[in-house]
Amino acid sequence: MKKFYLITNESKDPVGTITNKITSIIEKHGGEAVCVKNERQALTEKGTDGVDCALVLGGDGTLLRAAGNMLDSDIPLLGINLGTLGYLAEVESACAEEAVEKLLRDEFVREERMMLSGRVLSDEGEKRYALNDIVISRCGSLQILNVRIYVNDRFLHDYCADGVIVATPTGSTGYNLSAGGPIVEPSARLLLLTPICPHTLNTRSIVFSPEDEITVEIPEWKDGQEQVVEANFDGSNTVTLKTGDRIRIRRSEKTTGIVRLNTESFLTVLHKKMSET
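1. A few points about the nonpolar core
Buried together is how nonpolar side chains tend to be arranged in soluble globular proteins.
(1) Moving on: With 26 residues, the main nonpolar core has I136, V147, V216, L241 and I247 as its most contacted residues.
(2) Moving on: With four residues, the single largest contributor to this core is strand 9 (residues 145-151).
(3) Moving on: Core analysis: the next-biggest nonpolar cluster, separate from the first, contains 21 residues, I26, A96, V100 and L261 among them.

2. Considerations on the pattern of salt bridges
(1) Moving on: Tallied over the full model, the rule gives 16 salt bridges.
(2) Moving on: Across the pair K102 and E98 runs a salt bridge, and its minimum N-O distance is 3.9 Å. Placement of the pair is K102 and E98 together in helix 4 (residues 96-104), with a separation of four residues, close to one helical turn.
(3) Moving on: In this structure K102 comes out as partly exposed when scored by relative accessible area, which is 23%.
(4) Moving on: Its relative accessible area of 46% is what places E98 among the partly exposed residues.
(5) Moving on: E253 is the salt-bridge partner of K127, the closest N and O atoms lying 4.0 Å from each other. Here the residue K127 occupies a position in the loop between strand 6 (109-120) and strand 7 (128-130), and E253 occupies one in strand 17 (residues 246-260), the gap between them amounting to 126 residues.
(6) Moving on: Look at K127 and you get partly exposed, because its relative accessible area is 29%.

3. A few points about the environment of K254
(1) Moving on: In this fold, K254 is placed in strand 17.
(2) Moving on: We classify K254 as partly exposed; its relative accessible area is 23%.
(3) Moving on: The spacing of K254 and D74 is 180 residues in sequence and 9.8 Å in space, taken between C-alpha atoms.
(4) Moving on: Beyond its immediate stretch of four places on either side in the chain, K254 contacts L71, D72, M115 and Y129.
(5) Moving on: A distance of 2.8 Å separates the side chain of K254 from the side chain of D72, its partner in a polar contact.

4. A look at unusual backbone geometry
(1) Moving on: Despite not being glycine, D74 shows a phi value in the positive range, around 65 degrees.
(2) Moving on: In this fold, D74 is placed in the loop between helix 3 (60-69) and strand 4 (77-81).
(3) Moving on: Unlike most non-glycine residues, N152 shows phi in positive territory, near 55 degrees.
(4) Moving on: Looking at the secondary structure, you find N152 in the loop between strand 9 and strand 10 (154-161).
(5) Moving on: For N152, a relative accessible area of 36% puts it in the partly exposed group.

Quick notes on the rules
Within each chain, residue numbers correspond to sequence positions counted from 1 in written order. Local features in this predicted model are restricted to residues of pLDDT 70 or higher, and side-chain atom pairs are both shown and tallied only at a pLDDT of 80 or more, whereas totals for entire chains, interfaces and linings draw on every residue. To get the side-chain values, take all heavy atoms of the structure and skip hydrogens and water. Residues enter a nonpolar core if they are buried and are Ala, Val, Leu, Ile, Met, Phe, Trp, Tyr or Cys, with the set joined through side-chain atoms within 4.5 Å. Here's how the labels work: a residue is buried when its accessible area is under 20% of the maximum for its type, exposed when over 50%, partly exposed in between, all with a 1.4 Å probe on protein chains only. Put simply, DSSP marks the helices as runs of H or I at least four residues long and the strands as runs of E at least two long, and each gets a number from the N terminus on. Put simply, a salt bridge is a Lys or Arg side-chain nitrogen that is within 4 Å of an Asp or Glu carboxyl oxygen. The contact definition used throughout considers only heavy atoms, calling two residues in contact when any of these lie within 4.5 Å. For this analysis, a polar contact is any N or O atom pair within 3.5 Å, provided that within protein one partner can donate a hydrogen and the other can accept it, and provided that sequence-adjacent residues contribute only side-chain to side-chain pairs.

Shown next, in the form of structure tokens:
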């Protein structure tokens, strides 16, 4: 690797100390660093020719936004964690120099992470993508939702809950984990369905095949009132749904390239992260 995008979360590196340090390391070893504040601008104005990797300086949220914006570029991402608890951002800021030197020596592994696609069926809406999860949650007033779940067009269950999460294995350590869902090895291929604060005593997460399609329907509320909810893609891209709408979620044909430098097993990394909390 020789040419890099540096995408920085300015709130976590406000004066550019870490960004400038990494830029200097790359240039010292004969590489090229293109520092950008907005990855969409980088793709449209500076293009992707010759770019080998995007170094994302921030936390997991910063990396998720970069993954969504650079979806069609085929540029792999490496997260450098400037936040607190990062599962996607593999490299801690104190180890940034060592990480960059490994990249320059091509000492890395590229993983292709499974993604989700979601499309609102009622208005033939555009297809949207998520690396972590698609979350159906309430919009506005604090009230529980009634959502109807179909799998491969067969009725599964009506949930009364604060919402539901459809997550990838990569997203299993995100909102899914906070909602009580299982942790899954990120290279696995499966779909997770987890209710958020269900108003029953026997509701658990369900694991589905990657070939399955999950459809979430928004029915009328118990008294016939219209429901208005949000479908949130990786925490930033939101679509409003109302009674009668359906959103179909499936494994995407697209993937996100993630660069791995760490030779430790997933269980070892997981143990360290759990010990930090």
